[in-house]
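Residue-level structural notes
For reference, the chains in residue letters:
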Amino acid sequence: MFKLYHQVSRLVNECMMDEGVSLARSKFLLLLECQGPQRSTDIACALGFAPRTVTEAIDGLERDKLVKRDPDPKDRRAKIVSITDMGRTVISAAQQPQHKTIEAIFNVLTEDQKQHMKEIIRCLSEKTDELQRERDKDEPATARSLQAVG
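Small disclaimer: the values here were computed from a predicted structure and weren't measured. (Residues numbered from 1 in each chain as written. Predicted model: local features only at pLDDT ≥ 70, side-chain atom pairs only at ≥ 80, totals over all residues. Heavy atoms only, no water.)

Another aspect to go through is the overall build of the protein. Of the regular secondary structure elements, the protein holds 6 helices and 3 strands. When its helices and strands are written in sequence order, the protein yields α-α-β-α-α-β-β-α-α. Expected size for 150 residues packed as a compact globule is a radius of gyration near 15 Å; at 20 Å, the protein overshoots this value by more than 25%. For the protein, the spread of C-alpha atoms along the three principal axes comes to 55 × 50 × 20 Å. Per-residue burial for the protein yields a buried fraction of 26% across its 150 residues. Pairs at least 24 apart in sequence give 45% of the contacts found in the protein among residues at least 6 apart. Accessible area of the protein: about 11100 Å², with a carbon and sulfur share of 55%. The distance from the centre of the 24 positive side-chain charges to the centre of the 24 negative ones in the protein is 4 Å. (Helix = DSSP H or I, 4+ residues; strand = E, 2+ residues; numbered from the N terminus. Rg over C-alpha atoms; globule rule 2.2 N^0.38 Å. Buried < 20%, exposed > 50% of the residue type's maximum accessible area, 1.4 Å probe, protein only. Contact = heavy atoms within 4.5 Å. Areas by Shrake-Rupley, 256 points an atom, 1.4 Å probe, with all protein chains shown as cover. Lys, Arg positive; Asp, Glu negative; His and termini not counted. Charge placed at Lys NZ, Arg CZ, Asp CG, Glu CD.)

On to the confidence of the model for the protein. For the protein, the mean per-residue pLDDT works out to 89, and 93% of the residues sit at or above 70. Within the protein, no element has a lower average pLDDT than helix H6 (residues 111-149), which sits at 83, and none a higher one than strand E2 (residues 67-72), at 95. (pLDDT = per-residue confidence, 0-100.)

Attention now moves to the nonpolar core. The biggest cluster of nonpolar side chains holds 21 residues, and the ones touching the most others in it are Leu29, Ile43 and Val67. The set of elements that each furnish at least two residues to this core consists of helix H1 (2-17), helix H2 (23-35), helix H3 (40-47), helix H4 (51-63), strand E3 (75-83) and helix H5 (85-106). With 5 residues, H2 is the single largest residue contributor to this core. (Core = buried A, V, L, I, M, F, W, Y, C linked by side-chain atoms within 4.5 Å.)

One non-glycine residue, Lys65, adopts positive backbone phi at about 65°. Tracing the sequence through the fold places Lys65 in the loop between H4 and E2.

Turning our attention to the packing of H2 against H4. Interhelical geometry of H2 versus H4 gives an angle of 85° and a closest axis separation of 11 Å. Taken as axis vectors, H2 and H4 run roughly perpendicular relative to one another. On H4, the residues that touch Arg25, Phe28 and Leu29 of H2 are Val54, Ala57, Gly60 and Leu61. (Axes fitted to C-alpha atoms, helices over the stretch in contact; angles between N-to-C directions. Parallel < 35°, antiparallel > 145°, perpendicular 65-115°, else oblique.)

What follows covers the sheet that holds E3. In a beta sheet, neighbouring strands are held together by backbone hydrogen bonds and run either parallel or antiparallel to one another. Overall, antiparallel pairing links the 3 strands, which are arranged E1-E3-E2 in an open sheet. Of all the strands in the sheet, just strand E1 (38-39) and E2 have a single pairing partner and so form its edges. (Pairing = 2+ DSSP bridges.)

Moving on, we get to the pairing of E3. Working note: regular strand, side chains alternate between the two faces of the sheet. Inspection of the sheet shows E1 paired to E3 by 2 bridges, in the antiparallel sense. Its bridge partner being in E3, Arg39 is matched across the sheet by Ile80. One ladder, built from 6 bridges, connects E2 with E3; its direction is antiparallel. Note that in E3 the partner of Val67 across the bridge is Ile83. The loop that links E2 with its antiparallel partner E3 comprises 2 residues.

Have a look at this one:
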């Protein structure tokens with residue numbers, strides 16, 4: 001499963017790069033397009049990246065005029081990052097080869113195989129969510145016991 005994930009990601013990334021945006025950069029742009037302007041800390045949290053990584057990525061996206069930074073009206077120390085019209089154009093162009101590549105990969109499956117795969121993924125996703133909820137519930141107790149030891 002991990003091998004397939006990496007193969008698909010690599011191929012999709014290469015196809016998207018032909019349009020001028022990597023898969024990683026597209027995640028930033030899609031987040032801003034779908035959820036609107038964000039502070040960099042909110043972007044880091046949403047994407048699960050370190051704040052420094054997000055700042056460096058935003059620097060590059062801003063340099064390429066795909067995003068812009070404006071002062072945060074609620075906190076003058078912070079900046080709000082938003083996608084530009086050029087960023088929207090780039091992400092739109094990059095999504096076409098992304099969808100086309102994924103479609104080409106999964107079209108090798110019959111409709112029955114696709115339905116079976118959806119069911120398997122649903123079951124695995126539900127179990128993963130359950131395990132994460134259990135972990136989140138137990139985390140405060142674990143953190144407290146570690147503090148007591150330390």
